[in-house]
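Observations on the three-dimensional arrangement
Listed here are the chains, written in short residue letters.
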2 protein chains.
Amino acid sequence: MAQKPSIPKGTRDFNPEQVAKRNYIFSTIKSQFQTFGFQPIETPSFENSDTLMGKYGEEGDRLIFKILNSGDYLEKYFNTIQKIANEVVLGLGQFFDEKISSNEKSEIANNINHKLKELIDDNFKDLSNDEKNRIFGEDFISSFIEKSTIVTKLLEIGKFDENSLMSLSKEIFSNYISKLNSNKLTTKISEKALRYDLTVPFARYVVQHQNEIDFPFKRYQMQPVWRADRPQKGRFREFYQCDADVVGSDSLWQEVEFIQLYDNVFTALGLKGTTIKINNRKILSGIAEVIGASDKLIDFTVALDKLDKIGEEKVKEEMLGKGIPQSGIDKLQPLFSLSGDFEAQIESLKGILSTSEEGKKGIEELDFINEAISSLGLQSAKLQLDVTLARGLNYYTGAIFEVSAPEGVKMGSIGGGGRYADLTGVFGLKNVSGVGISFGLDRIYLVLEELGLFPETIAKSTEVMFINFGDKEALFCLKAVKSLRKNGINAELYPDKITNGKHMKKQMNYANKREIPFVVLVGEEEMNTSVYTLKNMITGEQTKVSLETLITAVK
Amino acid sequence: MAQKPSIPKGTRDFNPEQVAKRNYIFSTIKSQFQTFGFQPIETPSFENSDTLMGKYGEEGDRLIFKILNSGDYLEKYFNTIQKIANEVVLGLGQFFDEKISSNEKSEIANNINHKLKELIDDNFKDLSNDEKNRIFGEDFISSFIEKSTIVTKLLEIGKFDENSLMSLSKEIFSNYISKLNSNKLTTKISEKALRYDLTVPFARYVVQHQNEIDFPFKRYQMQPVWRADRPQKGRFREFYQCDADVVGSDSLWQEVEFIQLYDNVFTALGLKGTTIKINNRKILSGIAEVIGASDKLIDFTVALDKLDKIGEEKVKEEMLGKGIPQSGIDKLQPLFSLSGDFEAQIESLKGILSTSEEGKKGIEELDFINEAISSLGLQSAKLQLDVTLARGLNYYTGAIFEVSAPEGVKMGSIGGGGRYADLTGVFGLKNVSGVGISFGLDRIYLVLEELGLFPETIAKSTEVMFINFGDKEALFCLKAVKSLRKNGINAELYPDKITNGKHMKKQMNYANKREIPFVVLVGEEEMNTSVYTLKNMITGEQTKVSLETLITAVK
């Protein structure tokens with residue numbers, strides 16, 4: 001029976017025009033990445049689960065797409081659990097037969113526990129300790145040593161015939177399974193997961209290949225990532241990230257380079273008037289220190305980040321609610337009224353942060369970057385200090401970037417990034433600083449579409465189509481098609497021949513719908529004289545030309 | 001604790017050189033696809049499971065990577081099963097209290113079944129019938145109506161207190177779970193799967209978007225696919241497919257075009273001497289018909305396909321073993337000694353297939369294609385008839401293609417394809433013919449590598465690196481870097497400044513290792529006179545130049 005075809009929510013098909021437009025953005029970004037000396041790498045779509053899990057917080061872990069182990073993954077799990085449940089209960093029966101005289105419940109429980117371990121070891125000699133732990137897990141063991149239940153049952157039954165022991169085994173198994181939640185099962189039946197971003201796989205790559213890499217390593221990567229987020233306008237479950245990072249250098253010149261890179265890419269895309277917002281984690285830490293909220297840095301920045309959306313009063317309320325003292329919030333006042341250009345804002349910050357060493361370091365860094373950019377100049381973007389910017393605070397340790405679309409375009413950030421002092425530490429390579437930026441392909445696409453900035457020639461497909469009058473004419477035409485293609489012209493013959501008069505119109509309509517600018521007609525007469533009737537589909541003009549003229553006419 | 005980083009078996013990281021080489025192949029193929037008038041589409045990495053399952057045979061289904069449902073997928077399943085098991089058993093207790101006098105076991109069983117459905121309906125009013133079936137499934141229901149067990153148990157117990165009923169419920173639940181195999185669970189906890197090839201998603205795309213598509217639709221698609229195959233040399237779990245297909249035309253000119261497309265791509269890659277093997281399903285059907293093995297077409301072609309590997313005698317043995325009569329195999333003799341050029345082989349086939357209408361149709365098609373190709377000519381490939389070619393027979397209905405690497409290179413096929421008369425039927429769009437070819441990226445890569453055919457300039461990265469003597473010099477250099485980049489030259493400043501003498505060597509070594517051809521040195525003297533010391537890293541030559549000269553010198 002025919003299925004009604006559809007695709008999973010949050011995913012997309014791209015038609016030829018959309019692919020062409022997306023490729024235009026990709027290749028513009030890629031070309032600038034290369035001009036700046038970045039080199040491409042690619043990593044697998046799925047990683048081992050333990051490479052990804054625990055790197056994005058609890059919420060992130062939940063949003064990672066997990067891949068089911070292939071083969072009989074349940075046989076490896078449930079069947080083994082049931083088997084050992086049987087073995088253990090049978091073993092317990094024997095054990096109680098011997099120990100029935102003792103009334104010491106805690107001793108019995110200890111012995112049960114011991115017996116259990118012994119049984120697992122005896123019955124599953126082929127498994128390593130690691131495998132045993134993965135298969136049986138702590139929950140399984142603790143469900144066996146819910147002492148009171150088991151002991152009471154056994155004492156109650158009083159007899160240890162195979163039937164009642166098997167019933168008990170099934171009840172234990174069932175108890176265990178019922179208590180199993182999705183998280184616990186997932187770690188047992190899934191060992192791979194789809195990449196959630198490009199940063200963690202990059203960190204993994206750097207550590208794994210550290211001996212082949214010449215540091216500082218400037219890499220770019222443009223690949224899809226997947227997130228099980230609730231889909232909504234502009235948020236998808238599969239989307240591309242375009243990242244450039246430098247790892248192995250803590251030089252601030254990298255920050256300067258990335259600002260220029262943003263400027264170059266958006267200028268090349270014709271997207272003028274973007275704002276590159278910059279902040280520094282050390283500024284935020286410094287402010288938190290000054291207002292006596294160092295221990296509430298996250299709460300403080302989360303509230304501050306909302307200034308644009310909810311306004312000064314609500315931000316203050318939220319801070320107060322989170323336990324930041326009124327006296328501290330009062331000290332923030334100059335922050336709320338920060339205005340003027342970059343230099344003026346820096347001056348205000350110097351006043352606020354005069355007592356914080358970390359804050360002063362942050363100011364120094366911002367100053368360095370701003371001076372370099374002022375001296376080098378930007379083509380179409382402007383650099384703006386935004387002390388409320390806090391994105392991804394968990395990772396960033398220095399500069400924080402975010403790019404917003406030109407004024408008047410309603411759109412979240414179209415790029416972002418920052419510096420993280422210890423990118424690869426989690427994989428065992430300590431003290432390697434990284435700094436990087438990312439481009440939001442989907443949002444850039446929407447902005448270019450809204451502003452009409454896609455070049456018209458992007459989706460250029462077939463330039464010349466030959467009408468198919470019949471097999472003899474088709475063969476004649478294909479020779480010309482071959483020459484056109486050799487000259488780099490996209491050319492094709494209409495697949496089906498005209499079998500009666502009205503199909504000619506069908507072929508012309510096809511050329512029209514596909515917006516093919518030139519159509520060539522070759523009949524008996526043209527074949528005999530080796531000429532081609534060339535029709536300009538826009539003007540309707542029709543001329544008889546030689547092959548040479550045809551090639552130059554459509555080029 | 002630091003994890004030792006690794007990637008899942010069968011997957012790969014690609015370093016900058018590998019990415020550059022792969023992109024060279026991609027862009028060569030893509031450029032030819034476009035010249036031939038094909039348009040790009042892209043489809044999501046994962047599809048709904050029912051789009052993919054059942055399309056690749058039992059073995060294929062097993063090799064599809066399934067994605068776990070996100071969220072509490074087990075709560076939706078196990079917990080509900082356990083809950084209803086409780087409800088059902090409690091309900092049964094009540095039921096037996098009323099009916100205990102009757103001895104008619106079959107009536108009791110029917111009533112149990114009825115009661116079960118009632119309970120599911122009563123307790124899960126919020127679920128649709130579809131959802132109920134998905135959640136409980138037939139196995140669940142049948143595990144309840146294993147009448148003898150339940151009835152016997154209840155009669156045996158004789159009492160229906162909550163405790164014994166709950167024990168019974170747990171035993172039923174445990175029985176059900178134990179019998180559950182991975183296949184059955186998978187359909188319940190996984191609704192999405194990674195794409196296994198590009199053909200099925202393409203068919204789905206065509207049907208889903210049929211109203212937006214102008215037929216005949218010539219599309220190309222270059223995206224990764226995933227297969228849970230046992231990894232081995234040259235076989236990966238994630239790999240790219242590069243497909244071009246025409247859908248909506250049964251014209252043989254498409255076969256002619258695809259042969260030229262193969263020739264163009266391999267010529268453009270510098271890979272001369274490939275062999276494009278062609279066969280036709282109708283030839284195979286015709287032969288099977290002639291030897292009286294029409295009902296054994298698959299067995300026959302599978303055996304014939306092995307001719308190259310195991311030789312004539314073993315092929316005959318296998319056919320005999322599959323029940324193909326000796327008399328039929330005798331008729332095959334001319335086939336084993338088919339030789340000579342395309343035309344000569346066609347003549348032999350005409351003799352063998354003179355009594356098969358389908359066989360004659362196949363010959364006619366091959367003849368048409370061969371004549372057109374002879375007239376149009378090929379640049380570097382040769383077309384060869386291979387009646388033993390049977391790949392993907394389940395799908396193909398007409399032409400079958402396979403490309404082998406130049407003689408002397410040990411490698412399986414580097415491309416393949418064919419015609420399938422009913423590509424989209426399974427998704428509800430009948431009688432739409434498709435024909436297409438595929439390029440095997442990984443194998444083409446290996447062949448180009450083996451023959452040394454990758455152009456040397458492919459992995460061209462940074463062309464000019466500026467030594468970083470200090471912040472003042474760096475800023476001066478970045479202005480020159482900016483000019484170079486504007487002129488399309490890949491340029492960069494070494495990230496970290498020289499903090500003591502020996503770091504200069506470090507920077508030079510870095511440029512050497514990355515094979516950067518030019519290094520620029522700018523110190524106090526150069527800044528004062530606005531000149532740049534340009535060092536050619538290959539010759540070692542060092543000259544002082546102006547910015548203008550620098551740009552032309554490195555271009």
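Because the structure is predicted, anything quoted here is derived from the model rather than measured.

Right, let's talk about the overall build of chain A for a bit. Per the secondary structure count, chain A includes 23 helices and 16 strands. Counting the 555 residues in chain A, one finds 56% classified as buried. Look at the contacts in chain A between residues 6 or more apart in sequence, and 70% of them connect residues 24 or more apart. Carbon and sulfur atoms provide 47% of the accessible area of chain A, an area that totals close to 24000 Å².

The next point concerns the sheet that holds strand β11 (residues 434–439) of chain A. Residue and element names in this part refer to chain A. Ordered by their spatial adjacency, eight strands build an open sheet running β1-β5-β6-β11-β10-β9-β7-β8, and the pairing between neighbours is mixed. Of all strands in the sheet, those with a lone pairing partner are β1 (39–40) and β8 (382–385), marking the two edges. Note: strand β7 (residues 275–280) against β8, four bridges, orientation parallel. When the bridges of β8 are listed, Ile 278 appears paired with Leu 385. Running at roughly 10° to β11, helix α11 (residues 253–268) makes contact with β5 (217–226), β6 (238–247), β7, β8, β9 (399–404), β10 (415–420) and β11 of the sheet.

All right, on to unusual backbone geometry then. Residues and elements named next belong to chain A. With omega at -5°, the peptide bond leading from Phe 215 into Pro 216 counts as cis. Within the element layout of this structure, Pro 216 appears in the loop between α10 (199–208) and β5. One non-glycine residue, Glu 515, lies in the positive phi region at around 55°. The residue Glu 515 is located in the loop between α21 (503–513) and β14 (518–521) in this model.

For chain A, the average pLDDT comes to 86, and 83% of its residues sit at 70 or higher. Listed scores for the predicted complex are pTM 0.89 and ipTM 0.88.

Bringing the relation of the copies chain A and chain B into the picture now. Superposing chain A onto chain B takes a rotation of 180° plus a shift of 0.0 Å along the axis, which leaves an RMSD of 0.1 Å. The superposition operator between the copies reduces to a two-fold rotation axis. The C-alpha atom lying nearest the rotation axis in chain A is that of Ile 67 of chain A; the distance is 2.2 Å. Mapped onto chain B, 100% of the interface residues of chain A again fall at the interface, so both copies present the same surface.

In this section: the pattern of salt bridges. A side chain of one charge can pair with a side chain of the opposite charge if their charged atoms are brought near each other. Under the counting rule described, the total for this entry stands at 50 salt bridges over all chains. Here Lys 350 of chain A makes a salt bridge to Asp 367 of chain A, at a shortest N to O gap of 3.8 Å. Of this pair, Lys 350 of chain A sits in helix α17 (residues 342–352) while Asp 367 of chain A is found in helix α18 (residues 357–376), placing the two residues 17 residues apart along the sequence. Look at Lys 350 of chain A and you get partly exposed, because its relative accessible area is 36%. Notably, a salt bridge pairs Glu 255 of chain B with Arg 419 of chain B, separated by 2.6 Å at the nearest N-O pair.

Grouped together as the largest cluster of nonpolar side chains are 125 residues, with contacts concentrated most on Phe 466, Tyr 532 and Leu 550 of chain A together with Ile 25, Phe 300, Leu 349 and Phe 439 of chain B. Other than its neighbours up to four places away in sequence, Phe 466 of chain A contacts Cys 477, Ala 480, Val 481, Leu 484, Glu 492, Leu 493, Tyr 494, Val 520, Tyr 532 and Leu 550 of chain A. Counting 122 residues, the second largest nonpolar core, distinct from the first, contains Ala 381 and Ile 444 of chain A together with Phe 518 and Tyr 532 of chain B.

Attention now goes to the packing of helix α12 (residues 281–290) of chain B against helix α18 (residues 357–376) of chain B. Residue and element names in this part refer to chain B. As a packed pair, α12 and α18 sit with axes 7 Å apart at the nearest point and diverge in direction by 150°. The angle between the axes of α12 and α18 places the two elements in the roughly antiparallel class. The element α12 and its partner α18 pack so that their crossing is left-handed. Here Lys 282, Ile 283, Ser 285, Gly 286 and Glu 289 of α12 come into contact with α18, specifically with Glu 358, Gly 359, Lys 361, Gly 362, Ile 363, Glu 365 and Leu 366. Each residue belonging to the contact of α12 with α18 can be placed in one class, and the counts come to three nonpolar, four polar and five charged.

Turning our attention to the interface of chain A and chain B. Listed per partner, the contact involves 119 residues of chain A and 119 residues of chain B. Summing the contributions of chain A and of chain B, the shared interface buries around 10000 Å²; its carbon and sulfur component is 54%. Taken together, chain A and chain B are joined by six salt bridges. Its salt-bridge partner being Glu 257 of chain A, residue Arg 485 of chain B comes within 2.6 Å of it at the nearest N-O pair. Applying the counting criterion to the chain A and chain B interface returns 36 residue pairs in polar contact (both at pLDDT 80 or more). Partitioning the side of chain A that touches chain B into residue classes produces 48 nonpolar, 40 polar and 31 charged.

Listed in full, the buried residues belonging to helix α19 (residues 441–451) of chain B are Leu 441, Asp 442, Ile 444, Tyr 445, Val 447 and Leu 448 of chain B. Two residues or fewer after α19 of chain B comes Gly 452 of chain B, characterised by a positive phi angle close to 65°.

It is worth spelling out the packing of aromatic side chains at this point. Scanning all chains against the criterion turns up 36 aromatic pairs over all chains. Relative to Tyr 420 of chain A, the ring of Tyr 396 of chain A lies with its centre 6.2 Å away and its plane at 25°, an arrangement referred to as stacked. In this pair, Tyr 396 of chain A sits in the loop between β8 and β9 while Tyr 420 of chain A sits in strand β10, placing the two residues 24 residues apart along the sequence. For the pair Tyr 396 of chain A and Tyr 420 of chain A, one class covers both residues: buried. A network of ring pairs unites the aromatic residues Phe 33, Phe 38, Tyr 220, Phe 258, Tyr 262, Phe 266 and Phe 439 of chain A as a single cluster. Note that Arg 485 of chain B overlies the ring of Phe 36 of chain A, its terminal NZ or CZ placed 3.5 Å from the centroid.

Reading the values: the criteria
- Residues numbered from 1 in each chain as written.
- Chains lettered and ligands numbered in written order.
- Predicted model: local features only at pLDDT ≥ 70, side-chain atom pairs only at ≥ 80, totals over all residues.
- Heavy atoms only, no water.
- Helix = DSSP H or I, 4+ residues; strand = E, 2+ residues; numbered from the N terminus.
- Buried < 20%, exposed > 50% of the residue type's maximum accessible area, 1.4 Å probe, protein only.
- Contact = heavy atoms within 4.5 Å.
- Areas by Shrake-Rupley, 256 points an atom, 1.4 Å probe, with all protein chains shown as cover.
- Pairing = 2+ DSSP bridges.
- Axes fitted to C-alpha atoms, helices over the stretch in contact; angles between N-to-C directions.
- pLDDT = per-residue confidence, 0-100.
- Least-squares fit on C-alpha atoms with pLDDT ≥ 70 in both.
- Salt bridge = Lys/Arg side-chain N within 4 Å of Asp/Glu carboxyl O.
- Core = buried A, V, L, I, M, F, W, Y, C linked by side-chain atoms within 4.5 Å.
- Parallel < 35°, antiparallel > 145°, perpendicular 65-115°, else oblique.
- Left-handed = near helix turned anticlockwise from the far one by under 90°.
- Nonpolar A, V, L, I, M, F, W, Y, C, P; charged D, E, K, R; others polar.
- Buried area = accessible area lost by both parts, 1.4 Å probe.
- Polar contact = N/O pair within 3.5 Å; in protein donor to acceptor, adjacent residues only side chain to side chain.
- Phe/Tyr/Trp six-rings, centres within 6.5 Å; stacked < 30°, edge-to-face > 60°.
- Lys NZ or Arg CZ within 6 Å of the ring centre and 35° of its normal.

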